[in-house]
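Listed here are the chains, written in short residue letters.
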Amino acid sequence: EKFGLDPKKVLFLYVGRLDGEKRIDLLLRGLAQLKKNGRTDIHLVIAGQGAASGELRALARDLGVRNEVRFLGYVENEHLSLLYQAGHIFCMPSPEELQSIATLEAMATGLPILAANARALPELVTQGINGYLFEPGRVAAVAEGMVYLADNCQVWDSMGKASRARAITHSIE
């Protein structure tokens, strides 16, 4: 309720900078592809700010998914854990992540992860164990991952536990 999210929808969550290299556009395009195929049960929640904020909002409108996307803007650190708990699946589409603190935070909260199979992300995510890895830059692969995770809610708990177990091996330092 605090974030205006619909708990009846499958909530894919992105937290981080809204800049071009983060490839958030892939999530919007994947969502649009799913909507064209009749999927209305999936929503995307985007928390953060950055140079691409306006462009991403316009893209959501142009793709016809404005009602399926919630742009939260900057979320204070004190509210981040609540936001992670509200989501079902965390997304990291960037092929340039060197560590991805946001992904680790989501994992520590116990979320399954949808991530690009690039750089540091495969070190955090193991296909089928704590999430789904997609080929970087491919909208169809993002949409496929979204469908897989949305349609297999029975594995969210085990994937979340595996995410948490992996995250706690990383220290704050």
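Our structure's up above, just so we're on the same page.
The following paragraphs examine the structure supplied in this document. All of these numbers come straight from a predicted model, not from anything done at the bench.

### Considering unusual backbone geometry
Then comes step 1: Despite not being glycine, Arg23 shows a phi value in the positive range, around 60°.
Then comes step 2: One non-glycine residue, Ser100, lies in positive phi territory at about 65°.
Then comes step 3: Examined against the element boundaries, Ser100 turns out to sit in the loop between β4 (89-92) and α4 (101-109).
Then comes step 4: By relative accessible area, Ser100 is classed as buried at 5%.

### What to know about the side chain of Asp19
Then comes step 1: Structurally, Asp19 can be placed in the loop between β1 (10-15) and α1 (24-36).
Then comes step 2: In this structure the side chain of Asp19 is engaged in a polar contact, spanning 2.6 Å, whose partner is the side chain of Arg17.

### Concerning the pattern of salt bridges
Then comes step 1: Following the criterion strictly, the structure yields 12 salt bridges and no others.
Then comes step 2: A salt bridge links Glu97 to Lys22, with the nearest nitrogen and oxygen atoms 2.6 Å apart. Of this pair, Glu97 sits in the loop between β4 and α4 while Lys22 sits in the loop between β1 and α1; the two residues are 75 residues apart in sequence, bridging distant segments of the chain. By the burial criterion, Glu97 is buried, and Lys22 matches it.
Then comes step 3: A salt bridge links Arg39 to Asp151; its shortest N-O distance comes to 2.9 Å. Of this pair, Arg39 sits in the loop between α1 and β2 (42-47) while Asp151 sits in helix α6 (residues 139-151), and the two are 112 residues apart along the sequence.
Then comes step 4: The partly exposed category is assigned to Asp151, whose relative accessible area is 43%.
Then comes step 5: Each of Arg17, Asp19 and Glu21 takes part in salt bridges that share partners, so that together they form one network.

Conventions adopted
Residues numbered from 1 in each chain as written. Predicted model: local features only at pLDDT ≥ 70, side-chain atom pairs only at ≥ 80, totals over all residues. Heavy atoms only, no water. Helix = DSSP H or I, 4+ residues; strand = E, 2+ residues; numbered from the N terminus. Buried < 20%, exposed > 50% of the residue type's maximum accessible area, 1.4 Å probe, protein only. Polar contact = N/O pair within 3.5 Å; in protein donor to acceptor, adjacent residues only side chain to side chain. Salt bridge = Lys/Arg side-chain N within 4 Å of Asp/Glu carboxyl O.

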